[in-house]
Amino acid sequence: MSDFVRDMRNHKIVPDVVPVPPESLLQVVYPGGLRVNLGNVLTPTEVKQVPEVSWPEAEPAAYYTLIMTDPDAPSRTAPKFREWHHWLVMNIPGLDVSKGDTLSDYIGAAPPRKTGLHRYVFLLYRQNERIYYKESRLSNRSTQGRGKFSTQRFAEKYELGLPVAGNFFQAQFDDYVPKLYRQLGHFQNAF
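Remember, predicted model here, so these are calculated numbers, not experimental data.

Visitor: Before we go on, may I ask you to explain the pattern of salt bridges in this structure?
Guide: If the charged atoms of two oppositely charged side chains come close together, the side chains can form a pair. Per the counting criterion, the structure on display carries ten salt bridges. Of the charged contacts in the structure, one is a salt bridge between Asp101 and Arg130, with a shortest N-O distance of 3.4 Å. On the criterion of sequence distance, the pair formed by Asp101 in strand E8 (residues 101–104) and Arg130 in the loop between strand E9 (118–126) and helix H3 (151–157) is long-range, its members being 29 residues apart. The class of Arg130 is partly exposed, set by a relative accessible area of 33%. It is possible to trace a salt-bridge network through shared partners that takes in Asp16, Asp72, Arg76, Arg82 and Arg119.

Visitor: Quick question: what am I supposed to make of helix H1 (residues 3–10) here?
Guide: Three- or four-residue spacings in an α-helix give side chains the same orientation, since the helix completes a turn every 3.6 residues. Among the residues of H1, Phe4, Val5, Asp7 and Met8 are the ones counted as buried. Buried residues along H1 cover an arc of 165 degrees about the axis, so they all sit on one side. In this fold, the buried residues of H1 make contact with helix H2 (13–16), strand E1 (24–25) and strand E10 (165–171). Where H1 terminates, the next one or two residues include Lys12, which has phi positive at roughly 60 degrees.

Visitor: Help me understand the packing of aromatic side chains, please; the structure alone is not making it clear to me.
Guide: Aromatic ring pairs are defined here through the distance separating the ring centres and the angle between the ring planes. Scanning the entire structure with this criterion turns up eight aromatic pairs. Between Tyr30 and Tyr106 the ring centres are 6.4 Å apart and the planes differ by 55 degrees, which places this aromatic pair in the tilted class. One end of the pair, Tyr30, is in strand E2 (residues 27–30); the other, Tyr106, is in the loop between E8 and E9, and 76 residues separate them in sequence. The interplanar angle of 40 degrees and the centroid separation of 5.6 Å between the aromatic rings of Phe149 and Phe154 together place this pair among those described as tilted. Take Phe154: its relative accessible area is 5%, and that puts it in the buried class. Taken together, the ring pairs in this structure connect Tyr30, Trp87, Tyr106, Tyr120, Phe122 and Phe169 into an aromatic cluster.

Parameters at a glance
Residues numbered from 1 in each chain as written. Predicted model: local features only at pLDDT ≥ 70, side-chain atom pairs only at ≥ 80, totals over all residues. Heavy atoms only, no water. Salt bridge = Lys/Arg side-chain N within 4 Å of Asp/Glu carboxyl O. Helix = DSSP H or I, 4+ residues; strand = E, 2+ residues; numbered from the N terminus. Buried < 20%, exposed > 50% of the residue type's maximum accessible area, 1.4 Å probe, protein only. Arc of directions from axis to C-beta. Contact = heavy atoms within 4.5 Å. Phe/Tyr/Trp six-rings, centres within 6.5 Å; stacked < 30°, edge-to-face > 60°.

Next up, the structure:
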């Protein structure tokens, strides 16, 4: 068993988010060169901006879907909002995430105070073709429509199959989180 598969299982990404681990590691790099690496701990301050995402097996003529999700909302011990998705981009041509259809604007990690470490999972799916979706577009100015998301149900709905690449980090509350909550029009005690 590879370290990648072992870490996905040990951190319970399988089965909390997906039924089987992806085939390969997704490269996720935040500004300043901070890399996501199979459960490493990053702060909400460090991940507040959109990361660069790449994968070695990208096919230039193929389309991909990228999902970033938190299965631990509001906490790992009481995940009543599982999953809370932070980013969703479909119809990514080859490696160019910026040319995909952003259905949910990027929102960085925002774990509530005193809820411990949350897992933030990135999953990439190869689409069979361009997808004509029926999803509402969600801005990064609201929490509306983000809670109780299911990566697995979304993948089934659009016949995405299993993820081809993935990665994850962990984060817990820091001083940036209240600023993000204000941006979202959301107050921590709402959890």
